[in-house]
Amino acid sequence: MPPILPFCGEPLCRPNAHRLLVLFRIHSLHLSFNSAPIPQANTDLPSLISILVINHSPTAASGGAGASDGDAETLALALSSSFSILSLSPAIVDSVLKRLWNDGPRALLFFRALLLLPGFSHAPSSFDHALDIAARLRDRRSIHLLLSDRRRAGLPLSHRTFAILAERFAAAGKPDSAVRLFLSLHHHGCRQDTNSFNILLDVLCKTRRVRKAASLFRSLNGRFRADAVTYNILADGWCRVKRTAAALDVLKEMVDSGLEPTLTTHNILLKGFFRSGQVNEGWDFFLQMKRRGKKDDSCCRPDVISYTTVVHGLGLAGQTEKARKVFDEMIAHGCLPSVATYNALIQVLCKKNEIHSALKVFDEMLSRGYTPNVTTYNVVIRGLCHAGEMERAMGFMEAMRSEGSEPTVQTYNLVIRHWCEEGEMEKGLDLLGKMKDEARCLPNLDTYNVLISAMFVRRRPEDMLVAGRMVVEMVEKGYLPRKFMFNKVLNGLLVTGNQCFAREILRMQERFTRMRRNIRL
DNA sequence: CTAGGGTTAG
């Protein structure tokens, strides 16, 4: 791209809108003489943009430390010369950010590049996506930059933003940061109320920090009036750590405080019993719900979620016949199964190695006019892989694409894993290539872990090189391999090393040490 | 994205 050349030669300096404007003019002048690649009207715009971003940003690959401002500038140029700013609507930007989800550094680079376009401003939802990605990368610098950019744009923190950040903090082992953020919400222009309090409790409970949630609830209950949602969140928290007795206590406390348990409350407990292996208690609870529901007690009458919970719970406990009976019974009771109910039944049959009955249920749901979703395909494909029917699994993968649900990263990962287990590394690597092709579905940490581990079973020198390249690639995307993975790959490279690869091995080794230094920061 | 049901292996 010639117009960018004089620009690249300059020392890097802070992006500057005026300078960019001048460069835009030079750039578009040049393009008017060449035929610029114009996206087809019927091609997927987010996909085109993602491909451009991925093929651009050369120095994002320079060691995991993140890209420089200069990268954002050149990307901004490339974007503005290929796409009209008007076409970069919030919906399109969000969709690109989602597509680049598994390549965090480049997603953030894209976000930053757009900020440099004159007259462009990000929507709150785009800020949320970018914050989510930065927080997942544990990139404090980007988080703070994004927050100050957001403040400068006059956009206060929303509850959604708070939920995202709190969730990431809790997931990173810093639940206290989530609590602190909650306590400082008013500084960010976000209301501290029962809603945001519930979000905080929910985040803590979902990361199994129920005790912390419960004590916070006790100490702050005076300031935020608890509602039914608050109690449901806490009950679910106890259920998640398999403490159904404590969940029942919450239920009692709820009633004592004058709040009526809802159908959601009952479904939470129902699920809790099955989750903690109390199958009989779960079944009795379900019967009780049905009995009380008959007396026109609508907060107890099982709904489609209750039935799905029971079908799944019984099935996982090995009682697939009883599960099937409940499934048939729900229709008789005037409650139609949902796609999730079918998914539960199919999964449960697959787990019992009854793949043929599972496929019969799949056909049954088609004939009843249901449209399978991604989860349906994933459970069926998993079942087939587990039964060693790899070719049929691949067939379903094709089928899901032609039916309009693109395989997800989970689909790819599970099929790749099974190909590798069968010793067919090439088929696994083929699928990796297919994922990256057209930025269809970017590989994640699991993908790399599965494939890199698989590269060791054949003890081939060339496999070690592939493993080495994948480690480099995953670090570039912001994923940290475990220490033993690094060592394993390095050892593999050295042990199998021959003259031919020696230089590459050496370069790689230096690169790894540089990366590790960067990672430590 | 304020709560409940389907995708994860050993």
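Residues numbered from 1 in each chain as written. Chains lettered and ligands numbered in written order. Predicted model: local features only at pLDDT ≥ 70, side-chain atom pairs only at ≥ 80, totals over all residues. Heavy atoms only, no water.

Caption draft 1: Structural view of the environment of Met-330. In this fold, Met-330 is placed in helix α18 (residues 320-332). Residue Met-330 is classed as buried on the basis of its relative accessible area, which comes to 0%. Those residues in contact with Met-330, other than ones at most four positions away along the chain, are Val-304, Tyr-307, Cys-335, Leu-336, Pro-337 and Thr-341. (Helix = DSSP H or I, 4+ residues; strand = E, 2+ residues; numbered from the N terminus. Buried < 20%, exposed > 50% of the residue type's maximum accessible area, 1.4 Å probe, protein only. Contact = heavy atoms within 4.5 Å.)

Caption draft 2: A look at the UniProt feature "repeat: PPR" (unreviewed entry) in chain A. UniProt marks residues 227-261, 262-296, 303-337, 338-372, 373-407, 408-442 and 444-481 with the feature "repeat: PPR" (unreviewed entry), using the numbering shown here. Along residues 227-261 one finds 74% helix and 0% strand; the C-alpha atoms at either end are 10 Å apart. End-to-end, the C-alpha atoms of residues 303-337 are 9 Å apart, and along that stretch the chain is 74% helix and 0% strand. (UniProt positions renumbered as here; feature names shortened; annotations may be inferred.)

Caption draft 3: Spotlight on the nonpolar core. Within the largest apolar cluster, 149 residues are counted, with the highest numbers of intra-cluster contacts made by Ile-49, Leu-79, Phe-110, Ile-346, Ile-381, Val-415 and Ile-452. Ranked by residues supplied to this core, first place goes to helix α6 (residues 104-116) with eight residues. Those residues in contact with Leu-79 that sit more than four places away from it in its chain are Ile-49, Leu-52, Phe-110, Ala-113 and Leu-114. (Core = buried A, V, L, I, M, F, W, Y, C linked by side-chain atoms within 4.5 Å.)

Caption draft 4: Structural detail: helix α7 (residues 124-136). Look at α7: 18 Å from first C-alpha to last across 13 residues, which is about the 18 Å you get at 1.5 Å a residue. Across the 13 residues that make up α7, a large majority, ten, are buried. Those residues of α7 that are buried lie in contact with α5 (90-99), α6, α8 (140-152) and α9 (159-171). Two residues or fewer after α7 comes Arg-138, characterised by a positive phi angle close to 55 degrees. (Expected span 1.5 Å × (residues − 1).)

Caption draft 5: Expanded view of the protein's contact with DNA strand B. The full set close to DNA strand B counts 36 residues, and Asn-267, Ser-338, Asn-343, Gln-347 and Arg-382 are the nearest of them. Per the 4 Å cut-off to the protein, sugar and phosphate atoms form 51% of the nearby atoms of DNA strand B. Between DNA strand B and Asn-232, the relevant distance is 2.6 Å, taken from a base nitrogen to a side-chain nitrogen or oxygen of the residue. In this structure, a phosphate oxygen belonging to DNA strand B sits 2.8 Å away from a side-chain N or O atom of Lys-271. At the level of secondary structure, the elements contributing two or more residues to the surface near DNA strand B comprise α9, α11 (194-206), α13 (228-240), α15 (263-275), α17 (304-316), α19 (339-351) and α21 (374-386). (Near = heavy atom within 4 Å. Polar contact = N/O pair within 3.5 Å; in protein donor to acceptor, adjacent residues only side chain to side chain.)

Caption draft 6: Inspection of the pattern of salt bridges at higher detail. Counted according to the given criterion, the structure contains 22 salt bridges. Notably, a salt bridge pairs Arg-99 with Asp-44, separated by 3.1 Å at the nearest N-O pair. Of this pair, Arg-99 sits in helix α5 while Asp-44 sits in the loop between α2 (17-33) and α3 (45-55), and the two are 55 residues apart along the sequence. Residue classification places Asp-44 among the partly exposed residues on the basis of a relative accessible area of 39%. The shortest N-O distance in the salt bridge between Arg-150 and Asp-128 comes to 2.9 Å. Here the residue Arg-150 occupies a position in helix α8, and Asp-128 occupies one in helix α7, the gap between them amounting to 22 residues. Side by side, Arg-150 and Asp-128 carry an identical accessibility label, which is buried. In this structure, a network of salt bridges that share partners links the residues Arg-324, Asp-328, Glu-364 and Arg-368. (Salt bridge = Lys/Arg side-chain N within 4 Å of Asp/Glu carboxyl O.)

Caption draft 7: Fine view of the environment of Asn-373. With respect to the helices and strands, Asn-373 occurs in the loop between α20 (355-367) and α21. Overall, Asn-373 belongs to the partly exposed group, its relative accessible area being 31%. Sequence separation between Asn-373 and Met-400 is 27 residues, and the spatial gap between their C-alpha atoms is 8.6 Å. In contact with Asn-373, other than residues within four places in its own chain, are Val-339 and Asn-343.

Caption draft 8: Spatial organisation of unusual backbone geometry. Unusually for a residue other than glycine, Arg-138 sits at a positive phi of about 55 degrees. As for its placement among the helices and strands, Arg-138 is situated in the loop between α7 and α8. Phi at Glu-438 is positive, roughly 55 degrees, even though this residue is not glycine. Mapped onto the secondary structure, Glu-438 falls in the loop between α24 (425-436) and α25 (445-454).

Caption draft 9: Examining α15 more closely. Between its first and last C-alpha atoms α15 spans 18 Å; for 13 residues at 1.5 Å apiece the expected length is 18 Å, and the two agree. For α15, a buried count of ten out of 13 residues is recorded, marking the element as mostly surrounded by other parts of the structure. Among the residues of α15, Leu-263, Thr-265, His-266, Asn-267, Ile-268, Leu-269, Leu-270, Gly-272, Phe-273 and Phe-274 are the ones counted as buried. Where the residues of α15 are buried, they touch α13, α14 (244-256), α16 (279-294) and α17. The backbone nitrogen of Thr-264 lies 3.3 Å from a side-chain oxygen of the residue at the head of α15, namely Thr-262.

Caption draft 10: Spotlight on the packing of helix α23 (residues 409-421) against α24. Between α23 and α24, whose axes approach to 7 Å, the crossing angle comes to 160 degrees. Overall, the two elements α23 and α24 adopt an arrangement that is roughly antiparallel. Classified by chirality, the crossing of α24 by α23 is left-handed. Between α23 and α24, the contacting residues are Val-409, Tyr-412, Val-415, Ile-416, Trp-419 and Cys-420 on the first element and Met-425, Lys-427, Gly-428, Leu-431, Leu-432 and Met-435 on the second. Tallied by class, the residues present in the contact of α23 with α24 amount to ten nonpolar, one polar and one charged. (Axes fitted to C-alpha atoms, helices over the stretch in contact; angles between N-to-C directions. Parallel < 35°, antiparallel > 145°, perpendicular 65-115°, else oblique. Left-handed = near helix turned anticlockwise from the far one by under 90°. Nonpolar A, V, L, I, M, F, W, Y, C, P; charged D, E, K, R; others polar.)

Caption draft 11: Broad picture of the environment of Pro-105. Tracing the backbone shows Pro-105 in helix α6. Pro-105 sits 32 residues away from Leu-137 along the chain, and the two C-alpha atoms are 8.3 Å apart. Ignoring anything within four residues of it in the chain, the contact list for Pro-105 reads Leu-137, Glu-476, Lys-477 and Gly-478.

Caption draft 12: Expanded view of the side chain of Ser-81. Locating Ser-81 in the fold gives a position in helix α4 (residues 69-82). For Ser-81, the side chain forms a polar contact with the main-chain oxygen of Ala-78, separated by 3.0 Å.

Caption draft 13: View of the packing of aromatic side chains. Inspection of the entire model under this criterion finds 13 aromatic pairs. Centroid distance Trp-283 to Phe-286: 5.6 Å. Interplanar angle 45 degrees. Geometry classified as tilted. Here Trp-283 and its partner Phe-286 are both found in helix α16, three residues apart, which amounts to about one turn of the helix. Accessibility classification places Trp-283 together with Phe-286 in one group, the buried group. One aromatic cluster in this structure is built from Phe-162, Phe-182, Phe-197 and Phe-224. Of note, Lys-322 hangs over the ring of Trp-283, and the distance from its end group to the ring centre comes to 4.0 Å. Cation over ring: Lys-488 sits above Phe-456, and NZ or CZ is 4.8 Å from the ring centre. (Phe/Tyr/Trp six-rings, centres within 6.5 Å; stacked < 30°, edge-to-face > 60°. Lys NZ or Arg CZ within 6 Å of the ring centre and 35° of its normal.)

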